[in-house]
Every structure is written in C-alpha cells, then in structure tokens.
Amino acid sequence: MDLKQCTVQLSVQPSRALVDEKFKVLVQKAPPGAQLTVRSHHHSEDKHDWEAFGHYICDSTGALNLSEDPSLGGTYVGVEPMGLLWSLRAVPGSKPGLRMRKKSVETPMEVTVSVYPGHLSEGFSEQRALAAVVVERWYMAPGVRRIPVTEHSLTATLFLPPGPGPFPAVLDLWGGGGNLVEYRASLLASNGFAALALDYLTNELTKTTGKMVENDYFEAAFKFLEQHPQIVGSRIAMWGLSFGTTMTLKMAVYSNVVKLRCAVCYSGSHIQPIDGNVKEIMEYMHSKEENTRITEDQEVIWRDLILPVPKDPALKVDMGRVQCPLLVVVGLDDQNWPAYESATDMKEMMEEAGNSHLLTLLTYPNTGHLIEPPYTPHFRTSIFRSVQSRELFMVLWGGETAAHSRAQEDAWRKTLMFLREHLCDRRNSAVTSTSNL
C-alpha cells in the first residue's frame, strides 16, 4: 500500500499543557509494519528553527504509540515519550552555539508534530507530511498572575498562582549570564508557589549607576516577598542556579534579614570570599583565569577556576551554620563549574558540624551544568556573553543528552516534593499544579 495515499491519523494529547507535563503521541491507520518518522519542529521567538525526530515501525494494526514503541534512530532512541522535546536541536545549517530559552512566558511554545513516510534524517522541508498536529506548551497556567516589580529598586517579576492565597514563595536566582529570566518562576507559580524572578546582575540599578548590587539588594527582594499580603512570610525559599547558588548560600548563612524555610541549590558552589559582595566574588573568581581550559574545538571550560577547594575558611561559606533544609543538585559531568567537588566539601563540613541531617544531595551521572525544567532541550555547548566584559564565549556545559534529560525530569519532581514538604502547611492539602489547560 502506498503510504502517501493513506489517511494516517495523528493525535497528541493533551494538545495544550504545561511544559513539565507529558504528552501522548499516537499514530493510527498506517499500513501494518510501515516505517515512519515522527518529527517535532519549533520556530522560536528569536527566529531560529529546531527539530527532533525518531524512526519507528508500526505494529500489525498500523498503529504507533510513542509511550510504548521504541525509536530505532534519529535524535533519540528507545522508548522515549518526550524525546520529541528534550532532543530538540537547531536544524542543520543554523548558527553554531544556539540555546533555546523561552523569553515571553505569556505565550506558549508551539511545537508541530508531524509524521513522514520512511526513516528520514534530513530534507523534511522538501517532504509532505502524512499528518501534523500543533501542540502548545505553557509555562504559565491559566490564572497565574505576572506582576512586574520595581519597588526598592528591584528588577524582578512576581508570579502568583490563581486564587487569593496566601502562598508559600520562592526567590528565584539564575546564574552569571544575568537578565531577568522568568520561565522557571512562572512554572513554579503554575505548580502552586508564588515565585519572584530576580535580575541581580543586569538590573536597572546596575545599568543606571554602573555599580553591581550590594548584598542588601537580595535582602530587599526577600523583604518584598515577606511583606506581600498574598505570601506567607514565614514560608519562603531561595532557589539558585550556578552563581545564584553562591548568593543563595551567602544569604542563607550570613544575612540577618533573610530567614529561609528551605533552600535549593543547582550546579553551584559555596566557594567565595565570605565578606564579599557580587562584584568582589566575581573578581575573586576571575583572579584565577589562568585555570581556564580551552578544548580543541575552542570551547571554554571554567570548572577549574576556583579549584582546588580552599581550606581557608574565609573563602567558603561556613556550611556548619546552615539552619534550614538544603537541597543540592549537581551533574557529574558539569564542565562549567566544580559543583560536585563543592557539594562533597559542603557535605563534609555539615557532617563535621553536626547539621548534615539538613542536607539532601542529588547527583546525576552524565549530566551537565544547565539543569533546567523537564523536557527542556539539552545543550552541551552554547554561546555565553560575559556580564562584565560583554565578550562572547563558546562554553562547554557538559552532559549527555538522554541522561541529562532524565536528570532534569527527576530533579524537577524531587525539587517540587522538597518545596512542598518544607514550605507547605501540613494541616492543609499539599500545593499541587494549578494546570487546567
């Protein structure tokens, strides 16, 4: 039977969902045993095209279920229901070093899922799909409120779940790339937590004065959350990624203002001059630039900048003074920062001080630096712009695509569980996803 004359049916359910929710892809009414390629395509906000695809063989009824049937080749292999998302890559011929990140969380990520005859790896634009479905992936669930914040000279965005609250809250800090990154905070709000995305490196105050923020900037952000009428001021966490971990640990241990119920630290370190501000911490890190490594492909590796782990107590946060539950997440193939070495030292310090019962450490093999929400595409390398010098670098982040993607899914699930355990009032029902897409 000629595949092109068949009326192949394709369904993707749910067709509208949060980005951390799975979908189910079904193909029906194809010839029994037919070879098919299932492809996803996304045209991003910055006008780049992304694709992922798997090679499949239909069963004896002409059906295909991506939740049960293995991909035999393509950008992913095996039974991978969400491989069409986490293995997305820039289409051939694209600019090297691209990284896909959602900028406007008020609009969905639109992905076209298509079915093609045969096992294709290229030339999709010249082929006619047998069937196609457009799906929407959202960071903001219906009813989530996005509120720009400028009080106390902050550059931030507050996301509130639907309803009157009050809600537990998370102060969300990204890493050394700067900018106001909203997609994790908006997804947290979609899962029932108020979340404040904070720009602390490229904020308006820094742009206006030319000076980096002091530590009281983070305290002002905390106080904003603490005093908000729709937030439970005694149930606030901080979540830092990379350099955000540096500042999260500093605030958790040394601030007299920031009183955290718990803290989450991804891909970061406790190594820093403990009396330093943002500028002084960065200067300390850059003082060891001779430890930078460059691969044969001209990819920058910064993981050795602050190694070996110093013995001088003035150069690392006193983890024995941590008083709140702490979740630390690291990838064992992090090529950008010494997250594992730091986590090992943090654990030893806490064991020696007798507060290691507060520490939950998650380590993931073959996982790199950029541990994102689930089903986010993995980028082993990408272009990175230095906040201080404005130079562009091709940075090696690390990670193997399938393992890294599994780590993202597992870490997100366990992080939400950690936040619910320590932020939510156990007398009431646990905070759950607000998704009704």
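The structure under discussion appears in the preceding block.
Here's a quick rundown of the structure. Every value quoted in this text rests on a predicted model; they were computed, and no experiment measured them.

Focus: the overall build of the protein
When helices and strands are tallied, the protein shows 8 helices and 21 strands. Relative to the globule expectation of 22 Å for 437 residues, the C-alpha radius of gyration of the protein, 23 Å, shows essentially globular dimensions. Seen along its three principal axes, the alpha-carbon backbone of the protein occupies a region of about 75 × 55 × 45 Å. Considering the protein as a whole, with its 437 residues, one finds that 58% of them fall into the buried category. Contacts spanning at least 24 positions in sequence make up 71% of the contacts within the protein whose residues lie at least 6 apart. When the accessible surface of the protein is split by element, carbon and sulfur atoms take 48% of a total near 18400 Å².

Digging into the packing of aromatic side chains
Per the counting criterion, the structure on display carries 14 aromatic pairs. Aromatic pair Trp239 and Tyr266: ring centres 5.2 Å apart, planes at 50°, arrangement tilted. Taken together, the positions of Trp239 in strand β14 (residues 231–241) and Tyr266 in strand β15 (residues 262–266) put the pair 27 residues apart, joining distant regions of the chain. You can call Tyr266 buried: its relative accessible area is 1%. Pairing Trp302 with Phe393 gives two aromatic rings, centres 5.2 Å apart and planes at 70°, and the pair type is edge-to-face.

Some words on the sheet that holds strand β4 (residues 35–43)
Across the sheet, which stays open at both edges, the 6 strands sit in the order β2-β9-β8-β4-β5-β7 with mixed pairing between neighbours. Both edges of this open sheet fall to β2 (16–18) and β7 (89–90), since each of them pairs with a single strand only. Here strand β8 (residues 109–117) pairs with strand β9 (residues 131–138) via 7 bridges, running antiparallel. Paired with Val115 across the bridge in β9 is Ala131.

Details of the sheet that holds strand β18 (residues 326–331)
Across the sheet, 8 strands lie side by side as β10-β11-β13-β12-β14-β15-β18-β19; this open sheet has mixed pairing. Whereas interior strands pair on both sides, the edge strands pair on one side only; in this sheet they are β10 (145–149) and β19 (359–364). Between one strand and the next, the sheet's axes are offset by a mean angle of 15°, whatever the strand orientation. In this structure, β15 lies alongside β18, joined through 4 bridges in parallel fashion. Paired with Val264 across the two strands is Leu327, which belongs to β18. Strands in contact with helix α5 (residues 243–254) are β12 (167–173), β14, β15 and β18; relative to β14, the strand with the most contacts, it is inclined by about 140°. Packing of helix α8 (residues 401–423) onto the sheet brings it into contact with β12, β14, β15, β18 and β19, and relative to β15 it is tilted by some 165°.

Describing α5
Between the first and last C-alpha of α5 there are 17 Å, a value that for 12 residues agrees with the 16 Å anticipated at 1.5 Å per step. Most of α5 sits inside the fold, with 10 of its 12 residues counted as buried. Buried within α5 are the following residues: Phe243, Gly244, Thr245, Thr246, Met247, Thr248, Leu249, Lys250, Met251 and Val253.

Looking at the state of the cysteines
Applying the stated rule across the entire model yields 0 disulfides. Take Cys262: it sits in no disulfide, and the sulfur closest to it among the cysteines is that of Cys324, at 6.7 Å. Among the residues examined, Cys262 registers a relative accessible area of 0% and is labelled buried.

Remarks on the side chain of Thr37
Note on placement: Thr37 falls in strand β4. Judged by its relative accessible area of 0%, Thr37 falls in the buried class. From its side chain, Thr37 meets the backbone oxygen of Gly118 in a polar contact 2.6 Å long. Each residue touching Thr37, except ones within four places of it in the same chain, is listed here: Phe53, Gly54, His55, Ser114, Val115, Tyr116, Gly118, His119, Leu120 and Phe124.

Quick look at the pairing of β4
Of the pairings in the sheet, the one linking β4 to strand β5 (residues 49–57) comprises 9 bridges and is antiparallel in character. Pairing of Ser40 across the sheet is with Ala52, part of β5. Hairpin geometry of β4 and β5 is characterised by an intervening segment of 5 residues between the two adjacent antiparallel strands and by a positive phi of about 70° at Lys47. Where β4 meets β8, 6 bridges bridge the pair, whose relative direction is antiparallel. Counted as the bridge partner of Thr37 is Tyr116 from β8.

Some words on a negative patch on the surface
On the surface, a cluster of negative charge is contributed by Glu214, Asp216, Asp275 and Glu280. Within the secondary structure, Glu214 is located in the loop between α3 (204–209) and α4 (216–227).

Some points on helix α7 (residues 339–353)
Between its first and last C-alpha, α7 extends 21 Å over 15 residues, near the 21 Å set by a 1.5 Å rise per residue. Turning to α7, its buried residues are Ala339, Ser342, Ala343, Asp345, Met346, Met349 and Met350. Angularly, the buried residues of α7 cover 165° about the axis, an arc narrow enough to put them on a single face. The secondary structure elements touched by the buried residues of α7 are α5, β18 and β19. Remark: Gly354 follows α7 within two positions and exhibits a positive phi of approximately 85°.

Comments concerning the packing of α5 against helix α6 (residues 278–286)
Where α5 contacts α6, the two axes come as close as 12 Å, and the packing angle between them is 125°. As the angle between them shows, α5 and α6 are arranged oblique. Both α5 and α6 take part in a crossing whose hand is right-handed. Contacts from Phe243, Thr246, Met247 and Lys250 of α5 reach α6 at Val278, Ile281, Met282 and Met285. Partitioning the contact of α5 with α6 into residue classes produces 6 nonpolar, 1 polar and 1 charged.

Here is what the cut-offs are and how they apply
- Residues take numbers from 1 onward in each chain, read along the sequence in its written order.
- With pLDDT at 70 or above as the cut-off, local features in this predicted model cover only qualifying residues; side-chain atom pairs require 80 or more to be listed or tallied, and sums for whole chains, interfaces and linings still use all residues.
- Side-chain numbers come from the whole structure's heavy atoms, not from hydrogens or water.
- For helices the rule is a DSSP run of H or I covering at least 4 residues; for strands it is a run of E covering at least 2, with both sets numbered from the N terminus onward.
- For the radius of gyration, the atom set is restricted to C-alpha positions; the globular benchmark scales as 2.2 Å times the number of residues to the power 0.38.
- Each residue is placed in one exposure class: buried if its accessible area under a 1.4 Å probe, protein chains only, is under 20% of its type's maximum, exposed if it is over 50%, and partly exposed if it falls in between.
- Any two residues having at least one pair of non-hydrogen atoms within 4.5 Å are treated as being in contact.
- Accessible surface is estimated by sampling points in the Shrake-Rupley manner with a 1.4 Å probe; for residues, cover comes only from the protein chains shown.
- In this analysis, rings of Phe, Tyr and Trp, with Trp reduced to its six-membered ring, are considered paired at centre separations within 6.5 Å, and the interplanar angle assigns stacked below 30 degrees, edge-to-face beyond 60, and tilted for intermediate values.
- A pair of strands counts as paired when DSSP detects no fewer than two bridges linking them.
- With axes taken as lines fitted to C-alpha atoms, and helix axes fitted only over the stretch in contact, angles between N-to-C directions fall between 0 and 180 degrees.
- One fewer than the residue count of a helix, multiplied by 1.5 Å, yields its expected span.
- The disulfide criterion is simple: two cysteine sulfur atoms within 2.5 Å.
- Two N or O atoms form a polar contact when they lie within 3.5 Å of each other; inside protein one atom must be a possible hydrogen donor and the other a possible acceptor, and for residues adjacent in sequence the pair counts only when both atoms belong to side chains.
- Note on patches: the residues involved have over 30% relative accessible area and no salt bridge, like charges join within 9 Å, and the nonpolar side chains Val, Leu, Ile, Met, Phe, Trp and Tyr join within 5 Å.
- Any Lys or Arg side-chain nitrogen found within 4 Å of a carboxyl oxygen on Asp or Glu counts as a salt bridge.
- Charge counting treats Lys and Arg as positive and Asp and Glu as negative, with His and both chain ends excluded.
- To locate a charge, take NZ of a lysine, CZ of an arginine, CG of an aspartate or CD of a glutamate.
- Note that the arc is computed from the directions linking the helix axis to the C-beta atoms.
- Angles are sorted into four bins: roughly parallel if under 35 degrees, roughly antiparallel if over 145, roughly perpendicular if 65 to 115, and oblique for all others.
- By definition, turning the near helix anticlockwise from the far helix through less than a right angle yields a left-handed crossing, and turning it clockwise yields a right-handed one.
- Gly counts as polar in this scheme, as do all residues outside two lists: the nonpolar Ala, Val, Leu, Ile, Met, Phe, Trp, Tyr, Cys and Pro, and the charged Asp, Glu, Lys and Arg.

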